[in-house]
Amino acid sequence: MFSAIARVFRTPDLRRKIGFTLAIIAIYRFGAHIPAPFVDFPNVQSCLRQSAGTEGLLSLVNLFSGGALLQLSIFALGVMPYITATIIVQLLRVVIPHFETLYKEGQAGQSKLTQYTRYLTIALALLQSTTLVTVARSGQLFGTTGIPECEQLLTNDVWWAQLLMIITMTAGTGLIMWFAELVTERGIGNGMSILIFTSIAAAFPASMWAIWQSRGFETFLLVLAVGIVVVALVVFVEQSQRRIPVQYAKRMVGRRTYGGTNTYIPIKVNMAGVVPVIFASSLLYIPALIAQFNQPQAGQAAQPWVAWIAQYLTTGDSPLYMLVYFLLIVGFTYFYVAITFNPVEVADNMKKYGGFIPGIRAGRPTAEYLDYVLTRITLPGSLYLGFIALLPLIALAAVGANQNFPFGGASILIIVGVGLETVKQIDAQLQQRHYEGLLR
């Protein structure tokens, strides 16, 4: 293992790529701690020390920004606008035929879709930065904590100061997007995935230390043991796939013979990745957001529906919240897999190039068989996603460690997935220059 790592750093090209990636990561993490203009930095730090953070969608954005959101830094929005824009453009392929046509045009069409994603990212960054500055100005960024410092997070709240903050945060999002493309082009792995990995991994030491301080050494060891088991489970499921065998008939093109090979279609158990968890978290935040805008005046009783939402749909220790969250993840998993994998299109491509599944007729029977397999393999994948996403909520109910429980939800899925993919890319590039790779 150590000799393989030594070979990585002895290879000039790989050493240069890894060094470039680490340099971009260092700049990204440095920018996450630089406050935006007119932010009262001491008050923000005081709120972070005294408050447990925030819940709902803001907690997800704060996770993906590496804690930069609650610090109101220049990189406060992190990669969330780009993730949202990518998902929206992907879903619009089903609604807008032009997007589907561009997707099928190859490299030129993909470049056009990437350009649309960039424009949408900037638009979403403007919207989200405006919302963040408004929430910070109202003193509700950390919730109703009752801490005086949390109600005065800005040193100047005039319109031009807020506009400068919005422009700064939007520019920070554009800079992050550029960093990600540089890493993809000149570094190792997918740039955006690497930055997300960095943001989430940066919070792990602080989370584990907070559990040790607040819950004791025994709880710390328990969380660590659960984390090892969860990581092993995630690695096992993420690597699991159903391989459908495919044979290609021989055909003559001119004087050359093509086909006659055996291959397979890999259908992963978790084809949807972390997207259903993001969808479910975002949707569950909507009732809490509506209830927040209908809070009663001081001395008045809350409306019954507002009190019901506050009791059952805003806190993770509510059984109803857990059930709705789990069902939303299962439903969104089927929805997203149905959008991203089209059995009819796969069957048509196989028929076009002379491919067939042994024992299954080409064309419509092949599409029905693929749909049959996909529907059944998505069930354990959706249950697995729901279980992983509920781990922080179960930790909240069991030991009260929701805010500091790092081994669950979107965080562990992204860290394990990106880690596996990056190691595979390093191994593939190492095998191009040596007979042995990083993995054996």
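All values reported here derive from a predicted model rather than from experimental measurement.

(A) Broad picture of the overall build of the chain. Per the secondary structure count, the chain includes 16 helices and five strands. Relative to its full complement of 440 residues, the chain shows a buried share of 43%.

(B) Looking closely at the layout of surface pockets. The calculated volume of the second largest pocket comes to roughly 1,800 Å³. Thr86, Gln90, Asn190, Ser193 and Tyr336 are, among the 50 residues lining the second largest pocket, the residues nearest its centre. Elements with a minimum of two residues in the lining of the second largest pocket: helix 5 (80–95), helix 7 (107–138), helix 8 (159–186), helix 9 (191–202), helix 10 (204–239), strand 1 (241–248), helix 11 (275–292) and helix 16 (409–433). Considering each element in turn, the lining of the second largest pocket owes the most residues, nine residues, to helix 16. Counted by class, the lining of the second largest pocket contains 21 nonpolar, 20 polar and nine charged residues.

(C) Main features of the nonpolar core. The biggest cluster of nonpolar side chains holds 63 residues, and the ones touching the most others in it are Val277 and Tyr325. A per-element tally of this core places helix 15 (residues 364–399) first, with 11 residues. Non-local contacts of tyrosine 325, meaning those with residues more than four positions away in its chain, are made with Val277, Ala280, Ser281, Leu284, Ala389, Leu390 and Leu393. Leu72, Leu132, Val133 and Met169 belong to the second-largest nonpolar core, a separate cluster that totals 20 residues.

(D) Structural context of the pattern of salt bridges. What the rule picks out here adds up to six salt bridges. Lysine 268 is paired through a salt bridge with glutamate 238; the nearest N and O atoms lie 3.9 Å apart. Of this pair, lysine 268 sits in strand 4 (residues 262–268) while glutamate 238 sits in helix 10, and the two are 30 residues apart along the sequence. Judged by relative accessible area, lysine 268 falls into the partly exposed class, the value being 33%. Linked through salt bridges whose partners overlap, the residues forming this network are Asp13, Arg16 and Lys17.

(E) Structural context of the confidence of the model for the chain. Averaged over all residues, the pLDDT of the chain is 80; the fraction at 70 or higher stands at 83%. Of all helices and strands in the chain, the one with the weakest mean pLDDT is strand 2 (residues 251–253) (64), whereas helix 8 scores best (90).

(F) Structural context of the side chain of threonine 422. Residue position: threonine 422 is located in helix 16. Taking the relative accessible area as the measure of exposure, threonine 422 reaches 15% and is therefore buried. At 2.8 Å, the side chain of threonine 422 forms a polar contact with the backbone oxygen of valine 418.

(G) Local environment of unusual backbone geometry. Its identity is not glycine, yet phenylalanine 38 carries a phi of approximately 65°, on the positive side. Inspection of the secondary structure puts phenylalanine 38 in the loop between helix 2 (12–31) and helix 3 (41–50).

(H) The arrangement of the sheet that holds strand 4 in detail. The strand order across the open sheet built from three strands is 4-1-5, with neighbouring strands paired in antiparallel fashion. Of all the strands in the sheet, the pair left with one neighbour each is strand 4 and strand 5 (355–356). Here seven bridges tie strand 1 to strand 4, and the two strands are oriented antiparallel to one another. Across the sheet, valine 246 pairs through a bridge with threonine 263, a residue of strand 4.

(I) Broad picture of the packing of aromatic side chains. Following the criterion strictly, the structure yields 10 aromatic pairs and no others. With a centroid separation of 6.0 Å and 20° between ring planes, the pair formed by tyrosine 28 and phenylalanine 75 is classed as stacked. Separated by 47 residues along the polypeptide, tyrosine 28 in helix 2 and phenylalanine 75 in the loop between helix 4 (57–64) and helix 5 bring together distant segments of the chain. Under the relative-accessibility criterion, phenylalanine 75 is labelled buried at 3%. Ring centres 5.3 Å apart and planes at 65° place the aromatic pair phenylalanine 279 and phenylalanine 332 in the edge-to-face group. Of this pair, phenylalanine 279 sits in helix 11 while phenylalanine 332 sits in helix 13 (residues 319–340), placing them 53 residues apart in sequence.

(J) Quick look at a nonpolar patch on the surface. Taken together, the side chains of Trp209, Trp212, Phe217, Leu221, Leu224 and Ile228 present a nonpolar region at the surface, about 600 Å² in accessible area. Turning to its location among the elements, isoleucine 228 is positioned in helix 10. When its relative accessible area of 58% is taken as the criterion, isoleucine 228 is described as exposed.

Calculation criteria
- Residues numbered from 1 in each chain as written.
- Predicted model: local features only at pLDDT ≥ 70, side-chain atom pairs only at ≥ 80, totals over all residues.
- Heavy atoms only, no water.
- Helix = DSSP H or I, 4+ residues; strand = E, 2+ residues; numbered from the N terminus.
- Buried < 20%, exposed > 50% of the residue type's maximum accessible area, 1.4 Å probe, protein only.
- 1 Å grid on protein atoms, 1.4 Å probe; cavity = no way out; pocket = protein on both sides within 12 Å on 5 of 7 lines; lining within 4 Å.
- Points joined across faces, edges and corners; volume = space filled by probe spheres on them.
- Nonpolar A, V, L, I, M, F, W, Y, C, P; charged D, E, K, R; others polar.
- Core = buried A, V, L, I, M, F, W, Y, C linked by side-chain atoms within 4.5 Å.
- Contact = heavy atoms within 4.5 Å.
- Salt bridge = Lys/Arg side-chain N within 4 Å of Asp/Glu carboxyl O.
- pLDDT = per-residue confidence, 0-100.
- Polar contact = N/O pair within 3.5 Å; in protein donor to acceptor, adjacent residues only side chain to side chain.
- Pairing = 2+ DSSP bridges.
- Phe/Tyr/Trp six-rings, centres within 6.5 Å; stacked < 30°, edge-to-face > 60°.
- Patch = residues over 30% accessible without salt bridge, like charges linked within 9 Å, V, L, I, M, F, W, Y side chains within 5 Å.
- Areas by Shrake-Rupley, 256 points an atom, 1.4 Å probe, with all protein chains shown as cover.

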